[in-house]
Amino acid sequence: MAAGPLSVSSAASPSNDGILIGDKVYSEVYLTIDNSLIPEERLSPTPSMLDGLDLHAETDLRILGCELIQSAGILLRLPQVAMATGQVLFHRFFYSKSFVKHNFEIVAMACVNLASKIEEAPRRIRDVINVFHHLKQMRVKKTPSSLILDQNYINTKNQVIKAERRILKELGFCVHVKHPHKIIVMYLQVLECEKNQTLVQTAWNYMNDSLRTNVFVRFQAETIACACIYLAARALQIPLPARPQWYLLFGATDDEIKDICITTLKLYTRKKHLLSSIRMDGRRYILE
C-alpha cells in the first residue's frame, strides 16, 4: 500500500481504549490527509528500478505520462486543478507499482477519470478513452478517425476501470491532493506582490511544470508554493526580502527551496522524448 495517507492503529487489547463490537475491543481507524508524502526510503529504489528500469527512463516515463494527462485534460476541458490531481495520483501510484508491470497509458487514463470525479468535474470514461485515442493518432501523424466501439474498446474500458480500482487500493482510498495555487496568491499578498499579475502567472506556470516531477510527493504544498514564487521572482528579477529570506516566514528551508528549484529547472534541459519513440523490449521500455 502507498505511504502515509491511510493510518490504521494496531489491534487493541481489552485493557486499551478502543471500540467495543460484540465481546471484542477493536482499535480505532484514523483516516488523515495530512501525510500523503512518500517516505525518503521509498523514493529509491522504486518498484520500477527493482524490475530493471533505470532511473533516467523512469523519469522520462513520469514526465511523458504527466504531459499526456495534461493534454487529455485540455481536450476534455477539465479545470486545471483536476489535471493537477491526475498527475499527482500518477506519481503516487508509480511509487507503489512498477512501470514494467503496468501500462502507463492505461494508468494515465485511469488517473484522468478518477481525478475528474475527485474534483467534481466528471467525464464519461468513453470520452476519456476517445481523447487518448485521438492523442495517439496525432503522435503517429495519422488522419484522425472516430473511435470504433469494438472488442478492443471494451477491453481498454475494462482495463481502465481495473486500473482505477487498483489506484484507489494502492493509495488507501486517500486521493486528496492539496494544490499550491491559492497558497501562492496568499503568500504574494503577504509579500504585497499580489497585484503583479506577471509574477503570479509565472509562479503558477512553474508550479504546473513541476507537476511533471516528483516534488508533489516529496514536499508540502506550502513549500512548493514558496519555491515557485522564488523561481518566478528570480526569472523576472523582482527583489524579495532576503534578510532573513522571506520563505523562512512560511516554514520553508534553504535546502528544500534549492531541491525543488533544481528539480524543476532540470525539466527544461532534458532531452524531449515523444510517446511514439517508446517501444517495449521484452518487459523493458526503450526510449529512443
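To start, this report covers the structure provided alongside it. Computed from a predicted structure; not experimentally measured.

Things to note about the environment of Leu43
And step 1. Structurally, Leu43 can be placed in the loop between strand 4 (29–31) and helix 1 (47–50).
And step 2. With relative accessibility at 13%, the residue Leu43 sits in the buried group.
And step 3. A C-alpha to C-alpha distance of 7.1 Å links Leu43 and Tyr95, two positions 52 residues apart in sequence.
And step 4. If we skip the residues at most four places from it in the chain, Leu43 touches Ile38, Tyr95 and Arg218.

Concerning helix 6 (residues 151–170)
And step 1. Look at helix 6: 28 Å from first C-alpha to last across 20 residues, which is about the 28 Å you get at 1.5 Å a residue.
And step 2. Looking at helix 6, one finds that the buried residues are Tyr153, Thr156, Val160, Ala163, Glu164, Ile167, Leu168 and Glu170. With its buried residues spanning 170° around the axis, helix 6 presents them on a single face. Across helix 6 from its buried face, at more than 90 degrees, point the exposed residues Lys162, Arg165 and Lys169.
And step 3. Summarising the contacts, the buried residues of helix 6 are in contact with helix 3 (80–93), helix 4 (104–118) and helix 5 (125–139).
And step 4. Two or three places before Asn152, at the start of helix 6, stands the capping residue Asp150, its side-chain oxygen 3.2 Å from that residue's backbone nitrogen.

Thoughts on the nonpolar core
Buried together is how nonpolar side chains tend to be arranged in soluble globular proteins.
And step 1. Core analysis: the largest hydrophobic core is formed by 42 residues, its most contacted members being Phe90, Phe132 and Ile167.
And step 2. Elements supplying a minimum of two residues to this core: helix 2 (55–75), helix 3, helix 4, helix 5 and helix 6.
And step 3. Among the elements that make up this core, the one with the highest residue count is helix 4 (9 residues).
And step 4. The contacts of Phe90, once residues within four sequence positions are left out, are Leu61, Arg62, Gly65, Cys66, Ile69, Phe99, Phe104, Val107, Ala108 and Cys111.
And step 5. Core analysis: the next-biggest nonpolar cluster, separate from the first, contains 36 residues, Leu211, Phe216, Cys226 and Leu240 among them.

Notes on the packing of aromatic side chains
Where two aromatic rings form a pair, the distance of their centres and the angle of their planes describe that pair.
And step 1. Under the definition given, this model contains 9 aromatic pairs.
And step 2. Relative to Tyr247, the ring of Trp246 lies with its centre 5.5 Å away and its plane at 80°, an arrangement referred to as edge-to-face.
And step 3. What makes Trp246 buried here is its relative accessible area of 5%.
And step 4. With relative accessibility at 4%, the residue Tyr247 sits in the buried group.

Conventions adopted
- Residues numbered from 1 in each chain as written.
- Predicted model: local features only at pLDDT ≥ 70, side-chain atom pairs only at ≥ 80, totals over all residues.
- Heavy atoms only, no water.
- Helix = DSSP H or I, 4+ residues; strand = E, 2+ residues; numbered from the N terminus.
- Buried < 20%, exposed > 50% of the residue type's maximum accessible area, 1.4 Å probe, protein only.
- Contact = heavy atoms within 4.5 Å.
- Expected span 1.5 Å × (residues − 1).
- Arc of directions from axis to C-beta.
- Polar contact = N/O pair within 3.5 Å; in protein donor to acceptor, adjacent residues only side chain to side chain.
- Core = buried A, V, L, I, M, F, W, Y, C linked by side-chain atoms within 4.5 Å.
- Phe/Tyr/Trp six-rings, centres within 6.5 Å; stacked < 30°, edge-to-face > 60°.

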